[in-house]
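The primary structure of each chain is shown beneath.
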Amino acid sequence: MTFDPDSLGSDPILSVWHRREQGIPIVAARGEIDVSSAGLLRDALLSIDHEPHILVDLADVTFVDSTGLGVLINAQKRQQLAHGNASLQLCGLRPTVQRVIEVAGLDSVFTVAPSIEAALER
Amino acid sequence: MSSSPASAERSGSVGDEVRLRFPADLKLLMLARMTGSAIASRAEFSVEEIADLHLAIDELCTSCVEGAQGDATVELTFSWSAGSVRVHCTVDQVTDLAPVVSLDRDLLSTAELSERILAALVDHHEIGAAVAGRREGFFTKTGEAKNP
């Protein structure tokens, strides 16, 4: 699986791309999502929030803080409001990112798949 | 933002302490996280505890720097001994912002998430309101080696 050149932006610690597989939009991020970089992910998710299903590829994300979680929660909430169900799926979480979700008490909030491939097979 | 370079100084060899001062530029918070991880390693924290401290420092700094003005400065003091770390953060030139209130009671604000994360990761923490343009916060964290 490769990123297509449809980069949605980057800064020194985070890059965000958009691609589509099997018709499903995928927002892929690489780097660290903190208060300085979370806006990139927020803008990427806002640009496709009309889509009924979104996959977020976090396999190359090494750090997420409360700001990043807030972006993901808000994106999921917009999806629920617009489309009536939780259709935003987080894929490929590293243990450090999974840990943040757990300590924030959000492990039951997000739908998580081990990888993009696994999410697409569902 | 001030353009003065980030600087670090180490003082003393017993009751180790490192001070890190840098402009309150959000893009520089990664310096605080990196320094904290190195110090957690020196304090004999486990890999998991180092990752937790890394996150806790980010949350402390992010909370303290909120409302910082253009020429604000962040000063972090890391104190440690075997199995224990204390991080103190001071930001000058800050103003208290109106709290972000979620209109949806099911939707947590970032501040609530940050508070929840800090409470889960450290032994004790406090983040004060801005007083005379200055906000302070700190946390202490004890590792498994000291707290089996």
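Residues numbered from 1 in each chain as written. Chains lettered and ligands numbered in written order. Predicted model: local features only at pLDDT ≥ 70, side-chain atom pairs only at ≥ 80, totals over all residues. Heavy atoms only, no water.

## Concerning the confidence of the model for chain A
Parts of the model with low pLDDT should not have their predicted coordinates read in detail. Residues and elements named next belong to chain A. Taken residue by residue, chain A gives an average pLDDT of 90. The fraction at 70 or more is 92%. Element-level pLDDT for chain A is lowest in strand E1 (residues 7-11), with a mean of 70, against a maximum mean of 97 in strand E4 (residues 54-64). Here residues 1-5 scores under 50 on pLDDT; set against residues more than four positions off or in separate chains, the count is 13 contacts. (pLDDT = per-residue confidence, 0-100. Helix = DSSP H or I, 4+ residues; strand = E, 2+ residues; numbered from the N terminus. Contact = heavy atoms within 4.5 Å.)

## As for the pairing of strand E3 (residues 24-33) of chain A
Residue and element names in this part refer to chain A. Of all 10 residues in E3, 8 are buried; the element is thus mostly enclosed. Relative to E3, strand E2 (residues 14-21) runs antiparallel, the two being bridged by 8 bridges. Bridging across to E3, leucine 14 finds its partner in glycine 31. Linking two consecutive strands that pair antiparallel, namely E2 and E3, is a turn of 2 residues; a positive phi of about 50 degrees is found at glutamine 22 within it. When E3 meets E4, the two strands line up parallel, connected through 7 bridges. Bridging from a neighbouring strand, glutamate 32 pairs with phenylalanine 63 of E4. (Buried < 20%, exposed > 50% of the residue type's maximum accessible area, 1.4 Å probe, protein only. Pairing = 2+ DSSP bridges.)

## Here's the deal with the packing of aromatic side chains
If you walk through the whole model with that rule in mind, you get 0 aromatic pairs over all chains. We note arginine 86 of chain B situated over the ring of phenylalanine 138 of chain B; from NZ or CZ to the ring centre the distance is 4.5 Å. (Phe/Tyr/Trp six-rings, centres within 6.5 Å; stacked < 30°, edge-to-face > 60°. Lys NZ or Arg CZ within 6 Å of the ring centre and 35° of its normal.)

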